[in-house]
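Analysis of the macromolecular model
Here is what each chain is made of, one letter per residue.
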Amino acid sequence: MRTDAQASPRPRPGRSKALLVLASLLAGLGVLSTPARAHAAEPHIGIRVRDGRLVEADGSDLVLRGINHDFMWYPNKNDAFAAIKATGANAVRVTLGIGHQWRRATGQEVSTVIDLCQKNRLICIFDAHDTAGFGQDKKAAPMAEAVRFWLSLRDRLVGHEDYVLVNIADEPFANGTTWPWAQQTADAIRQLRAAGFKHTLLIDGPGWGQDESFIMRDSAERVAAADPTGNTVFDIHMYGMFNTAAKVGSYLTSYTKRRLPIVIGEFSSQHEWGKPDEDAIMAYAQAQHLGFLGWSWSGNDKQYSYLDLVNNFDGNSRTAWGQRFINGPNGLRTDTREATVFRNGTAGAVGERASGAPQWLRVTDVTSNSVRLAWQPRPSRIGATMYQVVAVNGAAETRVATTNHPGVTLKGLNGSTEYTYAVYAQNMLGKRSARSVLVAAVTPPAR
């Protein structure tokens, strides 16, 4: 067991994962093979869990591959989102302060991050960060405070279930065997569901996120059963405790055998409390199609700069860890696929509000030979509004439909093809608006 004297709270403004390699705690790891508990079906838009895996609203498999970004310490480093996307990432985990240990994120900041994620076609994972190491770090917040934080942001988050996930509480307890992690996590899930949250939820393990006493592993099915929608994902952080391939594989297999969804929400190639086996982490994740997110983009304290993926937030200046994580074997660029929600345009339009242009153009249905588009209607003071739908290929446009309805089905398309569309509004006098934003649709193969 680790004493308080051995503990290492995370530094400011960067962070250190306070962990000690305790090999004896890993001896005799038991792997259960009981099937995951079935949940009653509930209508659910957006990202969800199906048979132990994360899928999108259209059923496409979603393997989260991305990077952690210290938004709460660096709220003005918003160029990081485009730079993270440029690495090939499909997701970003964004740290938020909840006002207990770190500055509380405002509702407007949360909306800004959502817009940045949409604009850069990244799945956004919001993380309530003040809870790390509760029970050992005297400045850490209890999980109940994180729940209250999410409830205060409900109206900012509802409606974004297709591309936003909620990580309830970062590393919510310190090391030890008696923490009430299971009960408090189950209560948190129930409270958020009762409040109307439809988002897929991520839950971190105790033991500073590493589940060093296997509390999360051994109570996973019971906690998952607390979610009436069945859309909860377990989040393990892999630092010094996961220093061999055997430990990595044994822990992750205990979930995959039970068809319980798990993602590696944080890991690195070095750490002061033992060297993680990053090669094994990425190799196992690649073989089993599991998500992983590296810690972290930039901004850790100087003595922990080995955790930075790039130097001084410069996407063109990668550290040794950044090179390994992004371009190395089984790294970020190996097999990361952009979320279908962005390829098919259902995430909505962000950042472009041309005067008079049709807004919120989106793809609502795709078959192998058709695409259904919809947009927000625009009333006209001088008669009915007509809409011109165009196919866009580079600088060229081809009109494919004219309608007086805020939606149209385009037929006669080819399977396995990407199409790009936009819409103009035109009034009775023939005056045409600016063009809407573009949306892309990828037709599946013809059967």
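Remember, predicted model here, so these are calculated numbers, not experimental data.

To continue, consider the overall build of the chain. Of regular secondary structure, the chain possesses 11 helices and 17 strands. Scored against the burial criterion, the 447 residues of the chain give a buried share of 57%. The contacts in the chain between residues at least 6 apart in sequence include a share of 72% that link residues at least 24 apart. Surface summary for the chain: the accessible area is close to 18,100 Å², and the carbon and sulfur share equals 49%.

Right, let's talk about the side chain of glutamine 286 for a bit. Assignment of secondary structure puts glutamine 286 in helix H9 (residues 278-288). For glutamine 286, a relative accessible area of 17% gives the class buried. Not counting residues within four places of it along the chain, the set of residues in contact with glutamine 286 comprises Arg65, Asn330, Thr334 and Asp335.

Our focus in this paragraph is the sheet that holds strand S16 (residues 418-426). Here four strands make up an open sheet; going across it, the order is S14-S13-S16-S17 and the pairing antiparallel. Each edge of the open sheet carries a strand with a single partner, namely strand S14 (396-403) and strand S17 (439-442). Going across the sheet, the axis of each strand differs from the next one's by a mean of 35°, ignoring polarity. Here S16 pairs with S17 via four bridges, running antiparallel. Directly across from tyrosine 419, in S17, lies its bridge partner alanine 441.

Right, let's get into the state of the cysteines. This model, assessed by the stated rule, comprises zero disulfides. Sulfur of cysteine 117: no disulfide; nearest cysteine sulfur belongs to cysteine 124 and is 3.4 Å away. Since its relative accessible area comes to 1%, cysteine 117 is described here as buried. On the basis of relative accessible area, cysteine 124 is assigned to the buried category, the value being 1%.

Burial of the side chains of strand S10 (residues 291-294) extends over both faces: Gly291 and Leu293 are buried on one face and Phe292 and Gly294 on the other. Where strand S3 (residues 65-69) meets S10, three bridges bridge the pair, whose relative direction is parallel. Following the sheet pairing, arginine 65 is matched in S10 by phenylalanine 292. Note that strand S9 (residues 262-267) and S10 share two bridges and pair parallel. The residue bridging valine 263 from the neighbouring strand is glycine 291, located in S10. Regarding topology, H9 serves as the crossover connection from S9 to the parallel S10, and that connection is right-handed.

Turning our eyes to something else, we now look at the packing of helix H6 (residues 181-194) against helix H7 (residues 215-224). Direction vectors running N to C along H6 and H7 enclose 40°, while the axes themselves pass 10 Å from each other. Relative to H7, the element H6 is oriented oblique. Read as a crossing pair, H6 and H7 show a hand that is right-handed. Contacts between H6 and H7 involve Trp181, Ala182, Thr185, Ala186 and Ile189 on the former and, on the latter, Ile215, Met216, Ser219, Arg222 and Val223. Considering only residue class, the contact of H6 with H7 consists of seven nonpolar, two polar and one charged.

Scored by pLDDT, the chain has a mean of 86; 85% of the residues are at 70 or more. Contacts for the low-pLDDT stretch residues 1-44, under 50 throughout, to residues beyond four places or in other chains number 126 contacts. Below a pLDDT of 50 lies the segment residues 348-355, which in the model reaches 12 contacts outside its immediate sequence neighbourhood of four places, other chains included.

This next bit is on the environment of aspartate 155. Mapped onto the fold, aspartate 155 is located in helix H5 (residues 154-157). For the pair aspartate 155 and glycine 107, spaced 48 residues apart in the sequence, the C-alpha separation amounts to 9.0 Å. A polar side-chain atom of aspartate 155 sits 3.2 Å from a polar atom in the side chain of arginine 154.

Another point: the nonpolar core. With 97 residues, the main nonpolar core has Ile123, Phe126 and Trp150 as its most contacted residues. Membership of the second largest hydrophobic core comes to 17 residues, among which are Val371, Leu373, Val389 and Val408.

Cut-off values and rules
- Residues numbered from 1 in each chain as written.
- Predicted model: local features only at pLDDT ≥ 70, side-chain atom pairs only at ≥ 80, totals over all residues.
- Heavy atoms only, no water.
- Helix = DSSP H or I, 4+ residues; strand = E, 2+ residues; numbered from the N terminus.
- Buried < 20%, exposed > 50% of the residue type's maximum accessible area, 1.4 Å probe, protein only.
- Contact = heavy atoms within 4.5 Å.
- Areas by Shrake-Rupley, 256 points an atom, 1.4 Å probe, with all protein chains shown as cover.
- Pairing = 2+ DSSP bridges.
- Axes fitted to C-alpha atoms, helices over the stretch in contact; angles between N-to-C directions.
- Disulfide = S-S within 2.5 Å.
- Right-handed = clockwise from strand over helix to strand, strands pointing away.
- Parallel < 35°, antiparallel > 145°, perpendicular 65-115°, else oblique.
- Left-handed = near helix turned anticlockwise from the far one by under 90°.
- Nonpolar A, V, L, I, M, F, W, Y, C, P; charged D, E, K, R; others polar.
- pLDDT = per-residue confidence, 0-100.
- Polar contact = N/O pair within 3.5 Å; in protein donor to acceptor, adjacent residues only side chain to side chain.
- Core = buried A, V, L, I, M, F, W, Y, C linked by side-chain atoms within 4.5 Å.

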